[in-house]
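Residue-level structure breakdown
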Amino acid sequence: MEQTTVLTAPMAAKEMIEKRVEQFEYDNTSVRNFGLATLIFGLVGMLVGLTVALQLVFPVLNFDLPYTTFGRIRPLHTNAIIFAFVGNGIFAGIYYSLQRVCRTRMYSDNLSKIHFWGWQLIILSAAITLPLGITTSKEYAELEWPIDIAIALIWVVFGINLIGTIIKRREKHIYVAAWFYIATFVTVAILHIFNSFAFPVSFLKSYSVYAGVQDALVQWWYGHNAVAFFLTTPFLGMMYYFLPKMANRPIYSYKLSILHFWTLIFLYIWAGPHHLLYSSLPDWVQSLGVVFSVMLIAPSWGGMINGLLTLRGAWDKVSEDVTLKFMVVSLTAYGMATFEGPLLSLKSINAIAHFTDWVVAHVHVGALGFNGFMLFAIAYWLVPRLYNTNLYSKSLASVHFWLGTLGILFYAIPMYWAGFMQGLMWQEFTPEGVLRYPNFLETVTRVIPLYAARSVGGTFYLAGFLVMLYNLAKTAQKGSFLANEKTEATVYTKIDHKGEYWHKVFENRPILLMISSLIVVSIGGLVQIIPTLLIKSNIPTIASVQPYTPLELEGRDLYIKEGCNNCHSQMIRPFRSETERYGTYSKSGEYIYDHPFLWGSKRTGPDLMRQGGKYPHAWHYFHLRESTSMSPGSIMPNYAWLLENELDISNTQAKMKVMKSLGVPYSDTRINNARNELKEQADAITANLKAEKIEVKPDREIIALIAYLQRLGTDVKKE
Amino acid sequence: MFKQHLAGVTGFDAYLILSLLIFLLFFIGIAVRLFFFDKKEIEYLKNIPLDKNFDN
């Protein structure tokens with residue numbers, strides 16, 4: 001190819017085109033609003049987090065109330081941190097930095113307002129529905145369908161505002177931070193939409209259109225990439241803006257930023273299946289997940305190194321400037337988490353770590369370290385600027401830095417220890433060849449002291465956060481808020497693309513950038529998901545696996561409502577240690593009627609895949625009423641209200657109809673007869689309990705839940 | 001029909017290799033393109049957050 005002269009340098013361009021200076025104002029109000037929401041919901045999210053942490057040490061903190069039990073408020077904690085704290089944080093960071101790298105006000109003040117208030121309403125609805133047990137059970141996607149639709153709409157509002165701003169920019173080039181923001185918008189949109197496909201039963205209840213293995217695959221394609229595109233790409237984008245600002249020097253390597261941008265978004269999307277190793281997912285999908293997860297370390301570290309090297313030769317600055325200190329720890333935590341991620345996806349390590357607190361430690365290094373600390377750095381840098389003043393107290397910020405850093409260490413170390421220890425205990429055999437810890441509970445009680453230590457770490461972190469709130473409030477108080485920041489920019493009109501490389505044209509066009517990211521992130525998704533969805537033979541059917549009875553279906557929904565899946569898995573991996581403890585390992589054909597899947601991701605309690613028939617009905621009755629009555633020392637919450645609450649069967653038939661339309665073979669006669677069938681089964685269980693001298697009405701919730709638990713994993717035994 | 005299709009590729013080694021190839025090509029494409037990136041332009045881009053590009 002012949003070379004043409006390139007008119008890329010602005011010096012050259014300046015001579016050819018008209019130059020004008022325009023005056024305008026940056027919108028700081030949206031930034032302040034999102035920032036304020038970040039701080040408020042950070043506090044809420046961390047308080048709930050500390051509560052759930054303490055519940056595992058002191059189960060009385062479940063308060064024997066449905067709304068405050070672990071299974072319901074653990075999702076409240078994760079959603080509050082991810083979508084309310086971090087979500088508002090990235091919006092604040094994006095709204096601030098995007099206007100400045102584009103040298104323009106946000107595209108539309110109205111859209112900014114709708115985005116802000118819409119997002120807060122979504123958070124509010126989550127805060128109400130989750131404690132009420134209104135949940136889809138899919139991790140980080142627990143909100144029910146009307147809220148999902150609202151999220152999609154508000155996300156589009158954000159997207160229009162984002163892309164609109166980039167289109168009307170005064171800066172000819174699109175700075176790399178904005179690339180990351182565009183990829184965030186595009187990918188989260190796809191992830192959210194595809195993972196939320198559900199068939200409504202009623203206003204607040206729906207079933208995932210996917211079942212079993214497919215549902216799991218889609219869910220972790222989503223879950224893993226929510227980490228990538230909600231918790232990572234926006235943060236890298238913010239790093240590329242705020243770090244140069246804080247250090248007052250440009251980023252170390254712009255080329256590296258572009259290289260790691262494209263490789264990161266390309267690779268991430270393939271890695272989801274590493275959440276499902278040794279599960280019933282087809283082997284080839286698992287292998288793809290592992291290979292791409294390992295490769296992912298390169299672009300991740302590319303980002304970290306680019307950030308840290310930006311500070312080369314300026315370490316004296318770091319020791320003085322607390323915002324830079326937060327930044328350095330944040331990037332270090334990012335590097336650690338992204339080193340550990342690939343390790344965890346290696347099958348041999350995963351075999352020990354999966355389902356344990358190791359994973360909990362891993363995510364908290366990311367959340368507390370990478371996300372939290374970067375947001376704190378930005379807050380300390382931003383609030384004085386928004387209020388046109390200096391930070392109230394540098395020493396308090398230092399105190400926060402140390403409390404936070406110690407908090408992360410005191411959190412992570414005990415959790416790594418707990419995870420490692422418990423993972424090994426689950427696998428340990430005596431020389432005689434039997435499990436050393438046949439009683440699961442024993443492996444729990446041994447790690448409870450570490451849970452207590454973790455709560456101390458969390459308390460430190462929270463204390464530091466409170467110090468920051470005070471410091472920032474004082475800062476705001478002494479300054480005055482600059483709602484509209486006057487500025488000006490040079491504008492070049494009539495930019496001619498002729499004679500430029502293809503990449504120049506490409507880079508100047510946000511829409512094109514959006515589409516290319518869309519294509520790049522779609523490749524991995526398509527290669528994995530389409531075959532899994534289309535090819536039936538990926539899931540060998542098992543003749544004896546039958547749909548749930550109406551009563552069991554209702555019981556299953558109670559299991560979802562109470563969030564039992566937050567502590568219990570339903571996935572027995574093909575290890576001797578697991579088959580010995582739980583029974584035959586899980587086959588993909590066993591889950592074909594599971595809309596949604598309930599594999600779980602953390603075993604705070606034992607796996608329940610083969611629970612059916614293990615204990616008599618009476619055992620479950622007493623255990624659910626008061627777990628310690630059957631298992632002294634248990635940390636499982638008590639579910640006494642299940643004995644009192646009448647089972648709501650108003651939707652049973654509607655539920656079966658929805659299931660039928662999703663491919664579950666319920667005949668019309670069976671659906672019509674559902675109430676009788678349900679009553680018969682309930683009466684039988686009640687009679688059985690009565691024989692054990694337990695008086696309970698057949699129309700109580702506990703009967704349905706027992707029916708479901710007794711069904712679990714029994715189908716294959718009939719073969 | 002699908003079944004026969006699948007039988008040939010069980011283990012899906014082909015899939016894995018193909019995926020890695022796609023990535024390799026993609027990576028090389030970007031690397032090559034970055035290699036030819038204009039130096040002055042990079043300097044300009046780098047300085048966007050720092051307002052140094054403007055006289056004002």
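To continue, consider the state of the cysteines. Residues and elements named next belong to chain A. Overall, the coordinates contain zero disulfides over all chains when judged by the stated rule. Free of any disulfide, Cys567 has its nearest neighbouring cysteine sulfur in Cys564, separated by 8.6 Å. Its relative accessible area of 15% is what places Cys567 among the buried residues.

What follows is about the nonpolar core. All names here are of chain A. One finds Trp119, Phe242, Trp262 and Phe376 to be the most contacted residues of the largest nonpolar core, which totals 180 residues. In terms of residues, this core owes the most to one element, helix α3 (residues 70–102), which gives 18 residues. When residues no more than four places from it in sequence are discounted, the contact partners of Phe242 are Gly93, Tyr96, Ser97, Met327, Ile378, Trp381 and Leu382. Counting 47 residues, the second-largest nonpolar core is a separate cluster that includes Tyr593, Leu642, Leu662 and Tyr708.

All names here are of chain A. Among the residues of helix α26 (residues 652–661), those classed as buried are Thr652, Lys655, Met656, Val658 and Met659. All buried residues of α26 fall inside an arc of 160° around its axis, so they share one side. Packed against the buried residues of α26 are β2 (198–202), β3 (205–208), α21 (550–562), α27 (668–672) and α28 (674–691). Where α26 terminates, the next one or two residues include Gly663, which has phi positive at roughly 105°.

Residues and elements named next belong to chain A. Here helix α8 (residues 233–247) crosses helix α13 (residues 322–344) at 145°, and the two axes come no closer than 11 Å. In terms of crossing hand, the pair formed by α8 and α13 is left-handed. Between α8 and α13, the contacting residues are Leu236, Met239, Phe242, Leu243, Met246 and Ala247 on the first element and Thr323, Leu324, Met327, Leu331 and Tyr334 on the second. When grouped by side-chain class, the residues that make up the contact of α8 with α13 number ten nonpolar, one polar and no charged.

A few words on the environment of Ala707 of chain A. In this structure, Ala707 of chain A sits in helix α29 (residues 701–711). Once the C-alpha coordinates of Ala707 of chain A and Trp179 of chain A are considered, the two residues, 528 residues apart in sequence, prove to be 52 Å apart.

Now for the confidence of the model for chain A. In the predicted model, chain A carries a mean pLDDT of 90, and 93% of its residues have values of at least 70. Note that residues 499–507 of chain A has pLDDT below 50 and, in this model, 27 contacts with residues that lie over four places away or in other chains.

So, about the pairing of β2 of chain A. The sheet contact formed by β2 of chain A and β3 of chain A spans four bridges and is antiparallel. Bridge pairing in β3 of chain A places Phe199 of chain A opposite Tyr207 of chain A.

Moving on, we come to the layout of surface pockets. All names here are of chain A. Each pocket or cavity is described by its volume, and for the largest pocket that value is around 830 Å³. Along the walls of the largest pocket sit 42 residues, with His568, Pro606, Leu608, His623 and Met636 positioned nearest its centre. Secondary structure elements with two or more residues in the lining of the largest pocket: α3, α17 (440–445), α21, α22 (576–582), α23 (617–625) and α29. In terms of residue count, the dominant contributor to the lining of the largest pocket is α23 (four residues). Taken together, the residues of the lining of the largest pocket break down into 24 nonpolar, 13 polar and five charged. By volume, the second largest pocket is sized at about 500 Å³. What lines the second largest pocket is a set of 33 residues, among which Asn79, Phe83, Trp119, Leu143 and Ile151 lie closest to the centre. The set of elements that each furnish at least two residues to the lining of the second largest pocket consists of α2 (29–55), α3, α4 (109–129), α5 (145–167), α6 (176–195) and α7 (212–229).

This part covers the packing of aromatic side chains. Pairs of aromatic rings are described using the distance from one ring centre to the other and the angle between the two planes. Residue and element names in this part refer to chain A. Within the structure shown, the criterion is met by 62 aromatic pairs over all chains. Considering the side-chain rings of Tyr96 and Tyr241, the 6.3 Å spacing of their centres and the 65° angle between planes classify their relative orientation as edge-to-face. One end of the pair, Tyr96, is in helix α3; the other, Tyr241, is in helix α8, with 145 residues separating them in the sequence. The exposure class assigned to Tyr96 is buried, which follows from its relative accessible area of 5%. The ring of Tyr585 carries Lys587 above its face, with NZ or CZ at 4.4 Å from the centroid.

This brings us to empty space enclosed by the protein. Residue and element names in this part refer to chain A. Per the stated rule, a full pass over the model turns up seven cavities of 30 Å³ or more. Taken as a whole, the second largest cavity spans an internal volume of roughly 180 Å³. Forming the boundary of the second largest cavity are 16 residues, of which Val545, Tyr548, Glu590, Gly713 and Asp715 lie nearest the centre. Grouping the constituent residues of the lining of the second largest cavity by class yields eight nonpolar, four polar and four charged.

The rules we used
Residues numbered from 1 in each chain as written. Chains lettered and ligands numbered in written order. Predicted model: local features only at pLDDT ≥ 70, side-chain atom pairs only at ≥ 80, totals over all residues. Heavy atoms only, no water. Disulfide = S-S within 2.5 Å. Buried < 20%, exposed > 50% of the residue type's maximum accessible area, 1.4 Å probe, protein only. Core = buried A, V, L, I, M, F, W, Y, C linked by side-chain atoms within 4.5 Å. Helix = DSSP H or I, 4+ residues; strand = E, 2+ residues; numbered from the N terminus. Contact = heavy atoms within 4.5 Å. Arc of directions from axis to C-beta. Axes fitted to C-alpha atoms, helices over the stretch in contact; angles between N-to-C directions. Left-handed = near helix turned anticlockwise from the far one by under 90°. Nonpolar A, V, L, I, M, F, W, Y, C, P; charged D, E, K, R; others polar. pLDDT = per-residue confidence, 0-100. Pairing = 2+ DSSP bridges. 1 Å grid on protein atoms, 1.4 Å probe; cavity = no way out; pocket = protein on both sides within 12 Å on 5 of 7 lines; lining within 4 Å. Points joined across faces, edges and corners; volume = space filled by probe spheres on them. Phe/Tyr/Trp six-rings, centres within 6.5 Å; stacked < 30°, edge-to-face > 60°. Lys NZ or Arg CZ within 6 Å of the ring centre and 35° of its normal.

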